[in-house]
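Spelled out from the first residue to the last, the chains are:
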Amino acid sequence: MVGPLAMALAVMAAQFAQAGTGELRLRVTDQSGSPLQSVVDITSSTNDYRETVDTDEGGTVDVKRLPFGTYGLAVRRDGFATFSGRFEIRSIVPIDYPVALTIAPIRSEVTVGAADTLIDPQQTAAVQRIDVDTVQRRTALPGRALPELVNTQPGWLLEANGVLHPRGSEYQTQYVIDGLPLTDNRSPAFAAEVEAADVRGVRAMTGGYPAEYGRKLGGVIEVVTLGTARSGLHGSVNTSLGSFSTLDGTAAAEYAWPRAVLGASVGAADTDRYLDPPVEENFTNHATTSHGTIRFERDFSRADRLGVIVRRGQANFLVPNELRQAEAGQRQDRASRETMGQFSYQRTFSTPVVADVRGMARRLSARLWSNEAATPIAVDQDRGFREVYVKATIAGHAGVHEWKAGGDVSDAAVREDFAYRITDPGEFDDGVPQAFGFADRRRDVERALFVQDRVRAGRWTVDAGVRWDQYRFVVDRDAVSPRVAAAWAWPGMNLVLRGSYDRAFQTPAFENLLLASSPAVETLGGDVVHLVVRPSLGHFYEAGLSTVLFGAGRLDASYFVRMMTNFADDDLLLNTGVSFPIAF
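Since the model is a prediction, treat every value here as computed from it, not as a measurement.

**Section: the sheet that holds strand 13 (residues 201-205)**
Strands sit in the order 8-13-14-11-12 across an open sheet of five strands; the sheet is mixed. With partners counted over all chains shown, the strands left at the sheet margins are strand 8 (127-131) and strand 12 (180-182), one partner each. The sheet shows a mean angle of 20 degrees between the axes of neighbouring strands, direction not considered. The pairing of strand 11 (residues 173-177) with strand 12 spans three bridges and is antiparallel. For Ile177, the partnering residue across the bridge sits in strand 12 and is Leu180.

**Here's the deal with the layout of surface pockets**
Here the largest pocket defines a volume of roughly 820 Å³. Asn161, Val319, Leu572, Gly577 and Val578 are, among the 36 residues lining the largest pocket, the residues nearest its centre. Take the lining of the largest pocket: its biggest share by element is three residues, from strand 22 (residues 377-398). Here the residues of the lining of the largest pocket are counted per class, giving 14 nonpolar, 13 polar and nine charged.

**A word on empty space enclosed by the protein**
Using the criterion set out here, one finds 15 cavities of 30 Å³ or more in the structure. Approximately 540 Å³ is the volume attributed to the largest cavity. Contributing to the lining of the largest cavity are 36 residues, with Phe68, Pro210, Gln452, Arg454 and Asp463 lying nearest its centre.

**Regarding the packing of aromatic side chains**
Following the criterion strictly, the structure yields 14 aromatic pairs and no others. Seen from their ring centres, Tyr49 and Tyr71 are 5.8 Å apart, and the 85 degrees between their planes marks the pair as edge-to-face. Taken together, the residues span a long stretch of sequence, with Tyr49 in strand 3 (residues 49-54) and Tyr71 in strand 5 (residues 69-76) at a distance of 22 residues. Among the residues examined, Tyr71 registers a relative accessible area of 0% and is labelled buried. Judged by centre distance (6.3 Å) and plane angle (50 degrees), the rings of Trp488 and Trp490 are tilted. Taken together, the aromatic side chains of Tyr49, Tyr71, Phe83, Phe87 and Tyr97 make up a single cluster linked through ring pairs.

The rules behind the values
Residues numbered from 1 in each chain as written. Predicted model: local features only at pLDDT ≥ 70, side-chain atom pairs only at ≥ 80, totals over all residues. Heavy atoms only, no water. Pairing = 2+ DSSP bridges. Helix = DSSP H or I, 4+ residues; strand = E, 2+ residues; numbered from the N terminus. Axes fitted to C-alpha atoms, helices over the stretch in contact; angles between N-to-C directions. 1 Å grid on protein atoms, 1.4 Å probe; cavity = no way out; pocket = protein on both sides within 12 Å on 5 of 7 lines; lining within 4 Å. Points joined across faces, edges and corners; volume = space filled by probe spheres on them. Nonpolar A, V, L, I, M, F, W, Y, C, P; charged D, E, K, R; others polar. Phe/Tyr/Trp six-rings, centres within 6.5 Å; stacked < 30°, edge-to-face > 60°. Buried < 20%, exposed > 50% of the residue type's maximum accessible area, 1.4 Å probe, protein only.

Treat this as a map of the structure, not an account of what it does.
Shown next as structure tokens:
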């Protein structure tokens, strides 16, 4: 991996925030130019964003990770007239916003109503955002908080065991956690969840993807766990009780200095309904989960920023039984463990250009084992992977252009061990082996390069880009994917029309991919066919509009068409409960 990594670091660097976010740098003074400590309210209806922050003694505050869009601003201080204004975030390059407060009752303000930020005239695709208040007020069973929130948005469907299906896609959902992609299955049966108590905002996309995103494009869920910290020590403790003997608790603390913030959170849950039961009696459906996170961010100067996040999550649960299995005393245990470390370093140049390099190292393991009473089959599985990921981009603003270029490298060591033993031969066809074992190790290397640009000209906004992917795992594939999306705004009618085209190259899910693609499965019987699982290729089209209703609401409408070859799906191995990827 040294060659590709060196190439990536030498050629480009990555944005610290999510794709499509920027930063506001506010400075508040009085009429003479003296700094003022103030309270700042920032709102955006189209982004479902609300935040209240305080300026420091120098009258300054940096509000980070603001999604592109239009915002309302209110600056308050006793004895001064409240300042109201409006600003736009259109670039990853930080914007400076000076505010001079006047003595009350003299007022110098621009009144911004809710309707002023209901529509983003430059939004070229349908994007749904879930704010921090909605996330924190969620009620969900352990392991399902984020999937159930996303399921409330148009285009998303929650299937069995908490698996999200965006616009009909199977296992093609990508989570982007603080700017770093997780393309493995994040449903409760496969991996420990990202704890909702840590989440500061969610952005769900189902089309018009920037060229920066690849590998899994059925739907993209951007999750931000870092926000604009308030000075000093702050913390919270939350507990909840629910049906199925569910108990959930989290605790979080954060301390912010003028240029640094340190935070930590822990949580645990216990429930008697973790997966979807096959029968109403809900036999053996028990789980315990836990998680912990430490976050640190440091601004060395106005131009240099370092971020580090360490996460640990685990889930221990039982596979729900059918009636016959419960009567026999079957017990199947599953355990998931994930440890992850992330780092980011950002540099802002005066040209204006922002460059950054980020990386991630993580280890995930999943175990499944059965007791002696298992029927009609006893299963044992131990799989996992170790991944090192490095991403780099460089981006900037020039006239009507907001450009970005970059690339990434993912290097993973994948392992799979699987075995079964049939305990009731009468449940299987003749010729099915009474016992089966499989073990394999393989390296997964994936690389990508991209370039993209946003052009704003009058009422038009056009996002265009191209991406190159290289996939080296079970099969070797290369692909070039052009992307284009456009929006046309009619301000007088509060109307935005949009359309997009995405060329999608989607790699298969690698949970049990080695088993699914191995000739060894042909020994399982005459009805079993061995087909190597190939990446999916697709053409995604979308057209839509957004408009304001009665000055207080927004209507979004979209029409989409997706055409795919090697359509990704999943299947079960006999009736073991072990799923594996397929394509047709």
